[in-house]
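A closer look at the structure
One letter stands for each residue in the lines below.
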Amino acid sequence: MLVENMPIDLKVLSREQFIPFPKCGDRSFWGGLDSQLQKDIVSQGDVFKEFSYPMLPAVRYMDFVRNGNRTRYKEDYDKRRYALGSLVMAECVADNGTYLDDIINGIYCICEESSWVVPAHNNQYVDLERYMLPHNTEYMIDLFAAETGELLASAYYLLKDKLDPISPLICEKIQLEIKKRIIEPYRIHLHYWWMGYVGREPNNWNPWITSNVLLATMIIEDNDDYRIQIVKKALHVLDKFIAIYDEDGGCDEGPGYWTRAAASLFDALEVLCAVTEGQLNYYDNPLIKDMGRYVYKMQICNDAYLNFADCGAKVEQPAELIYRYGKRIGCEALMHHGLATFHYHQCKITDIPWFSAYRHMNCYMNYNEMKAQIADFPYVQECFMKYIQVMTTREAAGKIEGLFLGAKGGHNNESHNHNDIGQFVVYKDGKPMIIDVGVGVYSKKTFSPRRYEIWNMQSGYHNLPVINGVDQKDGEAYYGSVCDYEATEKSMSITYELAKAYPDEACVNTYQRRLVLDRKEKVVRLEDKYHLSQLKEPMAWHLMTQKEPLMTNNGLTIINDGTELHIDMPVDHFVLEIEKVPLDDKNLKSVWGEHIYRTKFIKKDEKLRSDFSLLMY
């Protein structure tokens, strides 16, 4: 799509001509920033004055292979980058040289690292059991190596006029390291899986890395032939990513990864548009528009989104980027989503690491404009994305009040997959009632053959049936299909066929799950109908909730912060078991608290053909 629309006479600005954002010397810009924003930037920089950049010992790099720990090394790796980014921004605001020595220390600490690839990603390139450490002769590119290149390039661009009088070797060092670690590997290699030429299907790595490589190259690279080679290579690589999207723009990685999928694609398109002076402008393309709109279609309320795959139930989205994306494609709803997100977080810059200078700079450049505008979240009434089989619907457009229903189908080999075909969530008045637990802190097991040993990735900890004692299985061979979808003014309904999501030992011939939000009756209905070839164990269903369900004569009641959801069911037909599930993962605890609950409905009858229904209101 991008390559086929590339002009024959493509021209790329030289390094000297490319102006991505104001340099430190542009005092009209830096001095004109919002006064509170200036204070916040300086305060963040002051945290790292006379900072002792942490050591990154080789044995900490080896932790990932030795014991599966991926955080000890990464935490100190990040501290270095957070410190440098914070100091650079503070110096741009203060403009008094106070932070320069600490900045120089940070530049050299990072430039002298053996690798910018983090341990958990080193397994993409080498035999970990043999090496456990970075390759000695070949530089690779992962997400954080590319971000490191962008950080150092931004420091070079913003502060070169201040660093060169101290020593020209500082910026020469940055240029040398970025060229050999980032620009040259990206230019010559095709074998990185995330590029999409070989191996598995690309995911968010593709635009996330490419957007950072593009900016670093346009700032650092002085060879004009290489600059245009990188631009053309980026178009080919990004096309591989765009090709996995259907025409509705749905992201199967969930809205938590939108910020590094479609949003990173937008970062890349912005650089491409700027460096070609508008020759590469793809914002009229319908797919590019719909990839942006996806984010507000998945919103439940405020920072709660329909979470599936490795997405948490609460997501901090990049408000300024959303707003700017909306402006670029002429979408008022997306602009409003960005503005409402910005003001919901009290005009704070969220979800942007201090070492992501490009996004920070755009936040600064648009800060006053966004602060002067007020908008409401769009809260669309309903959405159905056919390709990824995801739907959302609420009682009334533009309102939190009332019921919200979200569900998904798909297959069990999606990027960041959980075994969750047929999963649904219910919110009422913005309160989570029937939940998707979400993802915990990543570990070595998360992206290994043992991924589905993790409890919250199993279908047994989603709102799904257990058939003959069998859960869903992982792999693309296990999938759901949409049998019916209907949206009217009064209701919205979707029907999934789930039989193929379960392995043969489940002995299921057909399993249809119908979900309905009836706006007239103000209820959500779950209607399951199934036909088994054999019944080896009683049929069972799970519901996951944040709060402990209370048993009633008609079923269950869930009370969350004063809001009640009643669940009616034929209680005489079931044995109910309520299990308290303690949470020891810091990510899950930050969303749900110390524990959640799993209610198990065990059916008393032994029919091969039967049903299961819930009425929620």
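Everything in this summary refers to the structure shown in the same document.

Rules used throughout
Residues numbered from 1 in each chain as written. Predicted model: local features only at pLDDT ≥ 70, side-chain atom pairs only at ≥ 80, totals over all residues. Heavy atoms only, no water. Pairing = 2+ DSSP bridges. Helix = DSSP H or I, 4+ residues; strand = E, 2+ residues; numbered from the N terminus. Expected span 1.5 Å × (residues − 1). Buried < 20%, exposed > 50% of the residue type's maximum accessible area, 1.4 Å probe, protein only. Contact = heavy atoms within 4.5 Å. Polar contact = N/O pair within 3.5 Å; in protein donor to acceptor, adjacent residues only side chain to side chain. 1 Å grid on protein atoms, 1.4 Å probe; cavity = no way out; pocket = protein on both sides within 12 Å on 5 of 7 lines; lining within 4 Å. Points joined across faces, edges and corners; volume = space filled by probe spheres on them. Nonpolar A, V, L, I, M, F, W, Y, C, P; charged D, E, K, R; others polar. Core = buried A, V, L, I, M, F, W, Y, C linked by side-chain atoms within 4.5 Å. Salt bridge = Lys/Arg side-chain N within 4 Å of Asp/Glu carboxyl O. Phe/Tyr/Trp six-rings, centres within 6.5 Å; stacked < 30°, edge-to-face > 60°.

Turning our eyes to something else, we now look at the sheet that holds strand 9 (residues 465-466). Read across the open sheet, the four strands follow the order 9-15-20-19; overall the sheet is antiparallel. If you trace the sheet from one side to the other, it starts and ends with strand 9 and strand 19 (574-582), each paired once. The pairing of strand 19 with strand 20 (residues 595-603) spans nine bridges and is antiparallel. Counted as the bridge partner of Val-581 is Ile-596 from strand 20.

A few words now on helix 12 (residues 224-242). Across its 19 residues, helix 12 extends 27 Å between first and last C-alpha, which sits within 8% of the 27 Å expected from 1.5 Å per residue. What helix 12 keeps buried is the set Arg-227, Ile-230, Val-231, Lys-233, Ala-234, Leu-235, Val-237, Leu-238, Asp-239, Phe-241 and Ile-242. Elements in contact with the buried residues of helix 12: helix 10 (168-188), helix 11 (205-220), helix 13 (262-275) and helix 14 (286-297). Where helix 12 begins, the side chain of Asn-223 points an oxygen toward the backbone nitrogen of Asp-225, at a separation of 2.9 Å.

As enumerated under the stated definition, the model contains seven cavities of 30 Å³ or more in all. Taken together, Glu-150, Ser-211, Asn-212, Leu-215, Arg-260, Asp-267, Val-271, Ser-356, Tyr-358 and Arg-359 make up the lining of the largest cavity. Where the lining of the largest cavity is concerned, the elements lending two or more residues are helix 11, helix 13 and helix 17 (357-371). Take the lining of the largest cavity: its biggest share by element is three residues, from helix 11. Split by residue class, the lining of the largest cavity holds three nonpolar, three polar and four charged.

Counting residues in each nonpolar core, the largest one holds 156 residues, and the members touching the most others are Trp-30, Ile-178 and Tyr-364. Broken down by element, the residue count for this core peaks at 13 residues, all from helix 9 (residues 143-166). Excluding anything up to four places from it in sequence, Tyr-364 contacts Phe-29, Trp-30, Leu-33, Leu-37, Ile-41, Met-89, Ile-349 and Trp-354. Grouped together as the second largest cluster of nonpolar side chains are 42 residues, Leu-464, Trp-541, Leu-543 and Ile-558 included.

Quick look at the pattern of salt bridges now. The final tally for this structure, using the stated rule, is 40 salt bridges. For Asp-76, the salt bridge identified is with Lys-79, shortest N-O distance 3.6 Å. Taken as a pair, Asp-76 and Lys-79 lie in helix 5 (residues 72-94) at a separation of three residues, close to a single helical turn. Residue class for Lys-79 comes out partly exposed when judged on its relative accessible area of 44%. Arg-324 is the salt-bridge partner of Glu-270, the closest N and O atoms lying 3.1 Å from each other. Here Glu-270, found in helix 13, pairs with Arg-324, found in helix 15 (residues 319-329); they are 54 residues apart in sequence, far enough to count as distant. We note that Glu-270, like Arg-324, is buried.

This model, assessed by the stated rule, comprises 28 aromatic pairs. Pairing Phe-384 with Tyr-485 gives two aromatic rings, centres 4.3 Å apart and planes at 20 degrees, and the pair type is stacked. Of the two residues, Phe-384 is situated in strand 3 (residues 382-385) and Tyr-485 in strand 11 (residues 481-487); the sequence distance between them amounts to 101 residues. Accessibility expressed as a relative area gives 28% for Tyr-485, which makes it partly exposed. Members of the aromatic cluster, connected to one another through ring pairs, are Tyr-511, Tyr-530, Trp-541, Phe-574, Phe-601 and Phe-612.

Bridging between strand 11 and strand 12 (residues 491-497) involves six bridges; their strand directions are antiparallel. Residue pairing in the sheet places Glu-486 in a bridge with Ser-493 of strand 12. Where strand 11 hands over to strand 12, the hairpin turn is made up of three residues, counted between the paired strands.

Our next topic: the sheet that holds strand 13 (residues 508-518). Overall, antiparallel pairing links the eight strands, which are arranged 11-12-13-14-21-18-17-16 in an open sheet. On the outer flanks of this sheet lie strand 11 and strand 16 (550-551), each paired with one strand and no other. Bridge count for strand 14 (residues 523-532) against strand 21 (residues 609-616) is eight bridges, and the pairing is antiparallel. Bridge pairing links Leu-526 to Leu-614 in strand 21.

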